[in-house]
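Structure at a glance
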Amino acid sequence: MTLKISQGGLAVKFPGRGKSLWVYENNKKRIEIPAPVFEIDGRRKALSVDSFREISKREALPGVVEHVLEGQVASDARLTLQLVIRIPKKNPFVRFHYVLRGDAKLTRSTGHDSITYLSLDMKAAREVREVRLSDFDELIHSYVPAEDAIPLQNFKDKVSLMGPLLCGSDLKKSWLCAYEHGSQPPFRFLEFALRPDKKADLNAMRGNYWNGFDLRNGYQTIWFDIGIVEGGFDELSREWREFVLRWMSPNSASRTPYIFYNTWNFQERHQAWDKGKYLDFMNETRMLEEIEVAHKMGIDVFVLDTGWYQKTGDWEVNMRTFPHGLDLIREKLSKYNMKLGLWYSPTHAAATSRLTKKHGDCLMSWNGKKSSAHPVWETEESFSYCLCSNYWESFADELIRCVKELGVTYFKWDAIGQFGCDDPGHSHGNAANSPEERADCYAFEQVRYMSKIIDRICAACPEAIVDFDITEAHRSVGLAFLASGKYFLINNGPYYRSFDDPQYAPGGGMGSNVFVFPGPARPRLCRQPLAYDRWIPSVLFLTHFLPDDPESSQTINIASMILGQNGIWGDLPKISAGGVELYGKLLGYYKQVRDEVTSAFPVCSGFVGCNPEIHEKIGKKGKGVVCIFTDNKGTYRYVTANRVNPKLKSSDDSVKIKILKDKRAEIIFNFEKGGAKIAFFGVE
Ligand SMILES: [Zn+2]
């Protein structure tokens, strides 16, 4: 009899056959998942199994049960295939990966990766969409989402799609398949290849493994996600968004809508405008002064950016600038119930550091040339280390030591480019592989090692949050990192050189960053990526907004940041007393409803920058916010899509709110001049 697992409204069956290795069912709708196809010892084989048996079961995170099934591969008695599948109780999406093990080798006899992870039957689809997450838009110098309608003709034309989400709908029900990895188009590690028979094969393209990979060590695939919902793409994106927020990552702290402060903007201002050094004010006195203001404003997590440490690789406090270590800072933060965050460059270790002494063999190398030392933000010269080597464990242990000794729970990871190592002595290929193959495998494996580091930290410190700076192009952007942590999305948007070919702007004579001033332009730019919120919750895209006076700018920045990006940076001690009070008041309102705002599916009227641009984020029990932006004076009427909680507050007294009979709200926003206003619902 075929094994069956039921949970919530879902059932999963495991026939083990080539065309139907396992079957996903949701309320009588089903997706058959065929056996993955791997090239083993020179031959492509579909890995059907004789029969699956469940070998373990555990709660992977609250509300999600992980089942591990194993079977002997039918066509090759040397091999066993494991299916690891996580099924949530309250969401239609399941998450799974395979582990293949045995006395055989993975091969690339054509010189390319040769794996088809699955094939998705799209015959029933009347509409098909591809959702991409990693297009980099130079105009705003940020990653942005794209949701493209795919003509059905593309199956006949054998078009390939990068994804990572491929969605289909027959107008009554909709489904999607996603893979958890990350890179910037056109560079792709996997793709969906559309076939004339209306199937979509999810194929490995490069770097997924190296030729001769010894299966005695076990090959673990990346994670995949699959599910069906009733309704169209709106219902699909709503459930998927909920999956990413609540049921995908065991590290739930990464989804918590804290308000974050980061010291970098002031460091950069001082360097650019006062002609000082980045680290001139990275000291105990200044930090204690900033914490005092941050507390009054309502900031939860205080992040010391680069310069708090003596040298990279040792990650110990610079005792010259912090004579009491971080003790006084920690005391003050804990008095105010705030958390400590610190900046790290995971791939750097200074020439005289402990990590350098221990891991000389883990230096990044390219074409046989080892990484040379270079200065890191005015501190000792550092070497670059390969994350896909034994170095990763030592780095993770350094961070765990910092949790214990310094009390840090928030880790900002900077400067991790996706490419850069083709060394034969690490864990991404060996001397028998070509340098290109090893370089691809490094680029592929890197994000998996980042997740391994995070998992090790979170096992020691469950409240830990890791953010990965993707403020520049060519970083691993996709679902893999989001299953472990969150992204740090935008610094200051574009540089002058971003707008055109650099040859037309020689020297960048006006400074390099464009959007560094208070006023409406910078928050407008930073709101562009809120388009992610339809598929990926905005809480996962930290962006810092400027708190500088005047009040008009502060209101625009607050109204923007509470839509989910939740970051602040600037010169805190210079903010007027009235400004600090405004932050304290409005963020105080926000904090009463922030969990509902985070959960709420976004409702938008108008695009970013139009007049008016309105964002409604109202969640359970009618709690949440409506934020409006405009450049033109006048009166604007808005009726909420959701029913609201009648406890009302607003950013100023000119906002008039009336509760309608059906419990929705009519809001009249009266603008004397351009700016922003906020209506809060469910706030005392
Ligand atoms: Zn390497």
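To be clear, the structure that these remarks concern was listed above.
Reading the values: the criteria
- Residues numbered from 1 in each chain as written.
- Predicted model: local features only at pLDDT ≥ 70, side-chain atom pairs only at ≥ 80, totals over all residues.
- Heavy atoms only, no water.
- Phe/Tyr/Trp six-rings, centres within 6.5 Å; stacked < 30°, edge-to-face > 60°.
- Helix = DSSP H or I, 4+ residues; strand = E, 2+ residues; numbered from the N terminus.
- Buried < 20%, exposed > 50% of the residue type's maximum accessible area, 1.4 Å probe, protein only.
- Salt bridge = Lys/Arg side-chain N within 4 Å of Asp/Glu carboxyl O.
- Contact = heavy atoms within 4.5 Å.
- Donors = N, O, S within 2.8 Å, 3.2 Å for Na, K, Ca; no water.
- Tetrahedral: all angles 85-135°; square planar, octahedral: opposite > 155°, others 65-115°.
- Pairing = 2+ DSSP bridges.
- Axes fitted to C-alpha atoms, helices over the stretch in contact; angles between N-to-C directions.
- Disulfide = S-S within 2.5 Å.
- Parallel < 35°, antiparallel > 145°, perpendicular 65-115°, else oblique.
- Left-handed = near helix turned anticlockwise from the far one by under 90°.
- Nonpolar A, V, L, I, M, F, W, Y, C, P; charged D, E, K, R; others polar.
- Patch = residues over 30% accessible without salt bridge, like charges linked within 9 Å, V, L, I, M, F, W, Y side chains within 5 Å.
- Areas by Shrake-Rupley, 256 points an atom, 1.4 Å probe, with all protein chains shown as cover.
- Lys, Arg positive; Asp, Glu negative; His and termini not counted.
- Charge placed at Lys NZ, Arg CZ, Asp CG, Glu CD.

1. Focus on the packing of aromatic side chains
Counted according to the given criterion, the structure contains 47 aromatic pairs. Residues Y117 and F224 carry aromatic rings whose centres are separated by 5.0 Å and whose planes lie at 45° to one another, so their mutual orientation is tilted. Here Y117 is found in strand 12 (residues 115-121), whereas its partner F224 is found in strand 22 (residues 224-230), with 107 residues between them in sequence. Residue classification places Y117 among the buried positions, given a relative accessible area of 0%. With a relative accessible area of 0%, F224 lands in the buried category.

2. What about the pattern of salt bridges?
Side chains that carry opposite charge are capable of pairing whenever their charged atoms lie near each other. With the rule as written, the count across this model stands at 54 salt bridges. For R78, the salt bridge identified is with D76, shortest N-O distance 2.8 Å. Judged by its relative accessible area of 39%, R78 is partly exposed. In this structure, the salt-bridge partner of D300 is R594, at a minimum N-O distance of 2.8 Å. One end of the pair, D300, is in the loop between helix 4 (284-297) and strand 24 (301-304); the other, R594, is in helix 12 (residues 577-599), with 294 residues separating them in the sequence. Residue D300 is classed as buried on the basis of its relative accessible area, which comes to 11%.

3. Digging into the environment of Y258
As for its position among the elements, Y258 is in the loop between helix 2 (233-247) and strand 23 (260-262). When its relative accessible area of 18% is taken as the criterion, Y258 is described as buried. Sequence-wise, Y258 and D397 are 139 residues apart; in three dimensions their C-alpha atoms are separated by 26 Å. Filtering out sequence-adjacent residues up to four positions away, Y258 remains in contact with A253, D300, V301, K339, I465, N566 and R594.

4. Some remarks on the coordination of the zinc ion
On the protein side, the zinc ion has C386 (SG), C421 (SG), H426 (ND1) and H428 (NE2) as donor atoms, found 2.1 to 2.3 Å from it. If you look at the zinc ion, its four donor atoms make angles of 100 to 119° with each other, and the shape they trace is tetrahedral. Mapped onto the polypeptide sequence, the residues donating to the zinc ion form the spacing pattern C-x34-C-x4-H-x1-H. The class for H426 is buried, based on a relative accessible area of 9%.

5. Structural notes on the side chain of D305
Within the fold, D305 resides in the loop between strand 24 and strand 25 (323-326). Taking relative accessible area as the criterion, D305 reaches 2% and is therefore assigned buried. Beyond its immediate chain neighbours, meaning those up to four positions away, D305 contacts N262, T263, W264, Q267, M282, W343 and K412.

6. Some remarks on the sheet that holds strand 40 (residues 634-643)
The strand order across the open sheet formed by three strands is 40-43-42, and the pairing between neighbours is antiparallel. One side of each edge strand has no neighbouring strand; the edge strands of this open sheet are strand 40 and strand 42 (656-659). Across this sheet, the average inter-strand angle for adjacent strands is 20°, counted without regard to direction. Across seven bridges, strand 40 lies against strand 43 (residues 664-671) in antiparallel orientation. Paired with R643 across the two strands is R664, which belongs to strand 43.

7. Considering the state of the cysteines
For the coordinates displayed, the defined rule picks out zero disulfides. The structure places no disulfide on C604, whose sulfur is separated from the nearest cysteine sulfur, that of C610, by 10 Å. You can call C604 partly exposed: its relative accessible area is 48%. The exposure class of C610 is buried, given its relative accessible area of 16%.

8. Some thoughts on the packing of helix 11 (residues 551-561) against helix 12
Contact pair helix 11 / helix 12: the axes reach a minimum separation of 11 Å and the direction vectors enclose 25°. Between helix 11 and helix 12, the angle falls in the class roughly parallel. Helix 12 is crossed by helix 11, and the crossing has right-handed handedness. Between helix 11, through E551, Q554, T555, N557, I558 and M561, and helix 12, the contact on the second element is made entirely by G579, L582, Y583, L586 and L587. Residues belonging to the contact of helix 11 with helix 12 are distributed by class as follows: six nonpolar, four polar and one charged.

9. Notes on a positive patch on the surface
A contiguous patch of positive charge on the surface is contributed by K57, K89, K90, R246, K620 and K621. Examined against the element boundaries, K621 turns out to sit in the loop between strand 38 (613-618) and strand 39 (624-630). For K621, a relative accessible area of 72% corresponds to the exposed category.

10. Examining the pairing of strand 38
The element strand 38 is largely enclosed, with a buried count of six among its six residues. Across three bridges, strand 37 (residues 603-605) lies against strand 38 in antiparallel orientation. Counterpart to V603 in the pairing with strand 38 is E616. Relative to strand 39, strand 38 is paired through six bridges, and the arrangement is antiparallel. Paired with K617 across the strands is V625, a residue of strand 39. Between strand 38 and strand 39, which pair antiparallel one after the other, the connecting turn spans five residues, and K621 there sits at a positive phi close to 60°.

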